[in-house]
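Coordinate analysis (summary)
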Amino acid sequence: RKEVEQDPGPFNVPEGATVAFNCTYSNSASQSFFWYRQDCRKEPKLLMSVYSSGNEDGRFTAQLNRASQYISLLIRDSKLSDSATYLCVVNIKGGGADGLTFGKGTHLIIQP
Amino acid sequence: DAGITQSPRHKVTETGTPVTLRCHQTENHRYMYWYRQDPGHGLRLIHYSYGVKDTDKGEVSDGYSVSRSKTEDFLLTLESATSSQTSVYFCATGTDPSTGELFFGEGSRLTVL
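What comes next is a walk through the structure. (Residues numbered from 1 in each chain as written. Chains lettered and ligands numbered in written order. Predicted model: local features only at pLDDT ≥ 70, side-chain atom pairs only at ≥ 80, totals over all residues. Heavy atoms only, no water.)

**Notes on the pattern of salt bridges**
A complete count under the given rule lists 9 salt bridges over all chains for this structure. Residue A:Arg76 is joined to A:Glu56 by a salt bridge in which the shortest nitrogen-to-oxygen separation is 3.5 Å. Taken together, the residues span a long stretch of sequence, with A:Arg76 in the loop between strand 8 (70-75) and strand 9 (84-91) and A:Glu56 in strand 6 (residues 55-57) at a distance of 20 residues. The partner of A:Arg59 in a salt bridge is A:Asp82, and the shortest N-O contact between them spans 2.8 Å. With A:Arg59 in the loop between strand 6 and strand 7 (60-65) and A:Asp82 in the loop between strand 8 and strand 9, the pair connects residues that are 23 residues apart, well separated along the chain. A residue is classified by how much of its surface remains accessible, and A:Arg59, at 22% relative accessible area, is partly exposed. The network of salt bridges with common partners includes B:Arg22, B:Lys70 and B:Asp73. (Salt bridge = Lys/Arg side-chain N within 4 Å of Asp/Glu carboxyl O. Helix = DSSP H or I, 4+ residues; strand = E, 2+ residues; numbered from the N terminus. Buried < 20%, exposed > 50% of the residue type's maximum accessible area, 1.4 Å probe, protein only.)

Following this line, the structure appears as structure tokens:
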């Protein structure tokens, strides 16, 4: 089982819709979790951290389910500008510099 | 945005030639990283640095070496490039790995013929 797994998509979603995708991780000792966004042919950028209690940033909500070992990202009222690849990132070594493990990404396309 | 610049941004080279990619930061971040990104793979860590002259190997370090003689510069060297090293290379910096916040450069696209 890969350490961090994501559905590669693409997810084709009409503008204004709500979309959600998950990321599963294999190491139960993982302590910190993040979502990054990467636009086509650009560098990744941190979108949000994922806290145990769940957290929200505007239209974006991130949740952690430790029992089932997955994190989720929900986007409400999707915009054309949300089209991107969303990378799940897990720190599998308790915060060490070499512990950040990236998923392959989920490609999201918002259609007008 | 953090000031991270990579050079060159694009390079085409031949198998067996040495290649050096440079990452320069103006943020005084302690940690610096080199990743490669390939289709079908997530970002994979090549090497990282936790201070001047302090470096360590990542997941895919074979065929690569690094050096960090100054806080602001982190060099990635391919001593003898191979076609399997054709990739997009990203440099990243950060202050505290536990925060998960990395600042990436714009990437360097390397093609080895």
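**With respect to the nonpolar core**
Residue and element names in this part refer to chain A. With 24 residues, the main nonpolar core has Phe21, Trp35, Ile71, Leu73, Ile75, Tyr86 and Leu108 as its most contacted residues. Sorting the residues of this core by element identifies strand 3 (19-25), strand 4 (32-38), strand 5 (44-50), strand 7, strand 8, strand 9 and strand 11 (106-111) as the ones contributing at least two each. Apart from the residues within four sequence positions on either side, Ile71 is in contact with Phe21, Asn22, Cys23, Phe33, Phe34, Trp35, Val50, Gln63, Leu64 and Cys88. (Core = buried A, V, L, I, M, F, W, Y, C linked by side-chain atoms within 4.5 Å. Contact = heavy atoms within 4.5 Å.)

**With respect to the state of the cysteines**
Within this structure, the stated rule accounts for 2 disulfides over all chains. The disulfide bridge from A:Cys23 ends at A:Cys88, spanning 1.9 Å between sulfur atoms. Sign of the S-S torsion, about -70° for the bond between A:Cys23 and A:Cys88, identifies this disulfide as left-handed. You can see A:Cys23 sitting in strand 3 and its partner A:Cys88 sitting in strand 9, a full 65 residues away along the chain. For A:Cys88, a relative accessible area of 0% gives the class buried. A sulfur-sulfur distance of 1.9 Å marks the disulfide that ties B:Cys23 to B:Cys91. On the S-S bond that ties B:Cys23 to B:Cys91, the torsion sits near -70°, and the link is left-handed. Residue B:Cys23 is located in strand 3 (residues 19-25), and its partner B:Cys91 is located in strand 9 (residues 87-94); the two are separated by 68 residues in the primary sequence. Of the two residues, B:Cys23 and B:Cys91, neither departs from the other in class, the shared state being buried. (Disulfide = S-S within 2.5 Å.)

**Thoughts on the interface of chain B and chain A**
Taken together, the contact between chain B and chain A spans 22 residues of the former and 21 residues of the latter. Around 1700 Å² of area is buried between chain B and chain A when both sides are counted, 57% of it from carbon and sulfur atoms. Joining chain B to chain A, the criterion identifies 4 residue pairs in polar contact (both at pLDDT 80 or more). Broken down by secondary-structure element, the contributors of at least two residues to the side of chain B that touches chain A are strand 4 (31-37) and strand 5 (44-51) of chain B. (Buried area = accessible area lost by both parts, 1.4 Å probe. Polar contact = N/O pair within 3.5 Å; in protein donor to acceptor, adjacent residues only side chain to side chain.)

**Some details on unusual backbone geometry**
Cis geometry marks the peptide bond from A:Gly9 to A:Pro10, where omega comes out at 10°. Here the amide bond leading from B:Ser7 into B:Pro8 is cis, since omega sits at -5°, within 30 degrees of zero. Mapping B:Pro8 onto the fold places it in the loop between strand 1 (4-7) and strand 2 (10-13). Even without glycine at this site, A:Arg41 takes up a positive phi of about 60°. Of note, A:Arg41 is situated in the loop between strand 4 and strand 5. Under the relative-accessibility criterion, A:Arg41 is labelled exposed at 63%. Here B:Asn28, not a glycine, exhibits a phi torsion of approximately 60°, which is positive. Among the secondary structure elements, B:Asn28 is positioned in the loop between strand 3 and strand 4. Residue classification places B:Asn28 among the exposed positions, given a relative accessible area of 63%.

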